[in-house]
Amino acid sequence: MMVSYHHKNSGQFEDICVADLDYAFTNVTLPDREGRWCVGVAEGKIVEIVEGDRLNAQHVWHLDGKLLTPGLVDAHTHIDKAFTAESLGDVFAQSGLASAIQAVRHLKSQFTIADIKQRATQALQWSIAAGTTAIRTNVEADAFVELRAVEGLLDVQRSLSDQIDIQLVAFPQEGWFAIPETLESGASTYVEQALQHGIKVIGGNVNQGLWSSNPEAQVDALFDLALRYNCDLDLHLDNWDSAEAFTLPYVAQKTIEHHYQGRVAVSHIASLIHVSDSQAQVAIELLKQAEISVTVLPTRIKLTRVAELLEAGLNVVCGTDNLRDPFIRYGDADLLKALFLLAQLTGYMANRDLERLWQTISNNAAKMLRLPYGINVGNLADLVVFDAYSIPEAILHQATRLAVFKSGKLVAGTMQDQVLSLHKPDFMSPRRWT
Ligand SMILES: [Zn+2]
């Protein structure tokens, strides 16, 4: 359609052609462009991006330079066991990883589908309020929970599909093989059943320090399954503070061997920090060749070689991980908080470094989940308005999420009270959670 654009400085009018927009944000700061921009949205998609305030629409939001970013992507969570810490009192706080595993087994055997859905939905509401529009969560499938978590989260995935994209990972928390007289109580048959229910990513829990059986055999079995079902892999790997649990090079070699570049993610890889510098260098080079994404989880506090991975050009991703369960008591599903912790732990302080870290909860995470992403014409209008004027400011101030949009629909935020608008569009009426 043609609209008449009024030049503020010259006082002249000019007819310009724009798409039929549902609404437009004017005078926004974008993460990867200099200057002020105007973003137009129609039918749930971004359809126009022009400089300044040169867009007219039925509804125009004047943002006066505030930061507009793509929705955040939380690439590593465990929402099926969220909010279970309280039921155990202080027991887990005094114990280690093995005790937490035993405690979770007991809890899982009592999970119901309804209870899983309720807790997972609560976790997702927090994620959405924090500006997350896509999430990947592990879903446990084993003899303790059987397929109740799978069924519950598939339901939640459907019911919240207009508010957040949810990718599910069939996760063998208890290891892969069943070895009597050890902690390992494997889940392989349940994981395959989870895939038959429609889950498309295979998880793993390869940790030589914890499971007694051959980690290479587990990796081989995971690749076999991935190839048979044409699924991506997302493995908890080498989450052990010693140089001994170091299966990382093997995973990278297998990824290359099976031509699975770009389809494998690993998380934790804590042992990388304990091996020699030369071993680490070789492993990082292999990771790069295998195009493996590395998820770092700052709530664990002890991290892997984050700076070296970033320097090497790896696709490094940050997630919120566990949420108030026997493994991690803390958390509120806010990626910006996880990023702040990551910045503190890595000592990243310069603006350019904070902007680099930002990639781990945005572009890098989306690349790992293989989602189309970014403020580009044709992409879904998954957007967040921050009460900040730059990425570093958003991180340092832990800026308020003024508005969160999923496919052009307002799903969270305080914007309705705070931002000037010429008209108040229908979608700005406060949303009630059901
Ligand atoms: Zn995890």
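Residues numbered from 1 in each chain as written. Predicted model: local features only at pLDDT ≥ 70, side-chain atom pairs only at ≥ 80, totals over all residues. Heavy atoms only, no water.

1. So, the overall build of the protein chain
Rule in force here: Secondary structure is summarised from DSSP: a helix means a run of H or I of at least four residues, a strand means a run of E of at least two, and numbering begins at the N terminus for each. Think of it in three bands: residues with accessible area under 20% of the maximum for their type are buried, residues over 50% are exposed, and the middle band is partly exposed, with areas taken using a 1.4 Å probe on protein chains only. Contact definition: two residues touch when any of their heavy atoms are within 4.5 Å. With residues, only the protein chains shown are counted as cover, and all accessible areas are computed by Shrake-Rupley using a 1.4 Å probe.
For the protein chain, the helix and strand inventory stands at 13 helices and 18 strands. Among the 434 residues that make up the protein chain, the fraction classed as buried is 57%. The contacts in the protein chain between residues at least 6 apart in sequence include a share of 72% that link residues at least 24 apart. Surface summary for the protein chain: the accessible area is close to 18,000 Å², and the carbon and sulfur share equals 49%.

2. Quick look at unusual backbone geometry
The phi angle at Glu291 is positive, at roughly 50°, despite the residue not being glycine. With respect to the helices and strands, Glu291 occurs in the loop between α7 (277–290) and β14 (293–296). The class for Glu291 is partly exposed, based on a relative accessible area of 48%. With phi around 45°, Ser407 is a residue other than glycine that occupies positive phi space. Inspection of the secondary structure puts Ser407 in the loop between β17 (401–406) and β18 (409–412).

3. Some remarks on the coordination of the zinc ion
Each angle at a metal carrying four tetrahedral donors should ideally be 109.5 degrees, and each at a metal carrying six octahedral donors should ideally be 90 or 180 degrees. Put simply, the rule is: With water omitted from the atoms examined, metal sites may look incomplete; donors here are N, O and S atoms no farther than 2.8 Å from the metal, or 3.2 Å in the case of Na, K and Ca.
Only His76 (NE2), His78 (NE2) and His236 (NE2) from the protein reach the zinc ion as donors, at distances of 2.1 Å. All donor residues of the zinc ion come from one chain, and their arrangement in sequence is H-x1-H-x157-H. The pair formed by His76 and His78 is uniform in burial state, with each residue classed as buried.

4. So, the packing of helix α2 (residues 113–129) against helix α3 (residues 148–159)
Rule in force here: Between N-to-C directions, angles span 0 to 180 degrees; the directions come from axes that are lines fitted to C-alpha atoms, helices contributing only their stretch in contact. Reported orientations rely on four angle classes, namely roughly parallel under 35 degrees, roughly antiparallel over 145, roughly perpendicular from 65 to 115, and oblique for the rest. Crossing handedness is read from the near helix: turned anticlockwise from the far helix by less than a right angle, it gives a left-handed crossing, and turned clockwise, a right-handed one.
Contact geometry of α2 with α3 gives a least axis separation of 9 Å together with a crossing angle of 45°. When the interaxial angle is binned, α2 and α3 end up oblique. As α2 packs across α3, the resulting crossing turns out to be right-handed. Counted together, Ile113, Ile116, Lys117, Ala120, Thr121 and Leu124 of α2 and Arg148, Ala149, Glu151, Gly152, Leu153, Asp155 and Val156 of α3 form the full contact between these two elements.

5. Here we look at the pattern of salt bridges
How we decide: Salt-bridge detection follows one rule: a side-chain nitrogen of Lys or Arg within 4 Å of a carboxyl oxygen of Asp or Glu.
Inspection of every chain in the model, using the stated rule, returns 25 salt bridges. A salt bridge links Asp232 to Arg370; its shortest N-O distance comes to 2.8 Å. Here the residue Asp232 occupies a position in strand β12 (residues 232–237), and Arg370 occupies one in the loop between α11 (363–369) and β16 (383–386), the gap between them amounting to 138 residues. Judged by its relative accessible area of 48%, Arg370 falls in the partly exposed class. With its nearest N and O atoms 3.7 Å apart, the salt bridge here joins Lys302 to Asp241. Within this pair, whereas Lys302 is found in the loop between β14 and α8 (306–311), its partner Asp241 is found in the loop between β12 and α6 (248–257), the two being separated by 61 residues in sequence.

6. Quick word on the sheet that holds strand β5 (residues 45–51)
Keep this limit in mind: Any two strands are treated as partners once DSSP identifies two or more bridges connecting them.
Taken together, four strands build an open sheet; the order of strands is β5-β4-β3-β6 and the sheet is mixed. Looking at strand neighbours, the two that pair on one side only are β5 and β6 (59–62), the edges of this open sheet. Across the sheet, the mean angle from the axis of one strand to that of its neighbour is 20°, orientation sign disregarded. Here strand β3 (residues 23–28) runs beside β6; their pairing, made up of four bridges, is parallel. Counted as the bridge partner of Tyr23 is His59 from β6.

7. Looking at the environment of Leu357
Tracing the sequence through the fold places Leu357 in helix α10 (residues 351–358). Since its relative accessible area comes to 0%, Leu357 is described here as buried. In this structure the C-alpha to C-alpha distance between Leu357 and Val317, which are 40 residues apart in sequence, comes to 8.6 Å. Not counting residues within four places of it along the chain, the set of residues in contact with Leu357 comprises Leu310, Leu339, Leu342, Ala343, Thr346 and Tyr348.

8. Overview of the sheet that holds β16
The strand order across the open sheet built from four strands is β7-β16-β17-β18, with neighbouring strands paired in antiparallel fashion. Taken across any chain shown, the strands that pair with only one partner, and hence form the sheet edges, are β7 (67–70) and β18. On average, adjacent strands in this sheet sit at an angle of 30° to one another, irrespective of strand direction. Pairing analysis gives four bridges linking β7 to β16, with the strands arranged antiparallel. Looking across to β16, one finds that Pro70 is bridged to Leu383.

9. Brief notes about the environment of His274
Within the secondary structure, His274 sits in the loop between β13 (264–268) and α7. With relative accessibility at 37%, the residue His274 sits in the partly exposed group. Spatially, the C-alpha atom of His274 lies 8.9 Å from that of Thr304, the residues being 30 residues apart in sequence. Filtering out sequence-adjacent residues up to four positions away, His274 remains in contact with Trp240, Asp241, Ser242 and Ala243.

10. Description of the packing of aromatic side chains
Under the convention used in this document: Pairing of aromatic rings covers Phe, Tyr and the six-membered ring of Trp, with a centre-to-centre limit of 6.5 Å; geometry is then stacked below 30 degrees between planes, edge-to-face above 60, and tilted otherwise.
Under the counting rule described, the total for this entry stands at nine aromatic pairs. Look at Trp358 and Phe386: their rings are 5.7 Å apart centre to centre, the planes differ by 70°, and that puts the pair in the edge-to-face class. Of this pair, Trp358 sits in helix α10 while Phe386 sits in strand β16, placing them 28 residues apart in sequence. In this structure, Trp358 and Phe386 share a single accessibility class: buried. An aromatic cluster is built from Tyr23, Phe25, Trp61 and Phe405, whose rings are joined through pairwise contacts.

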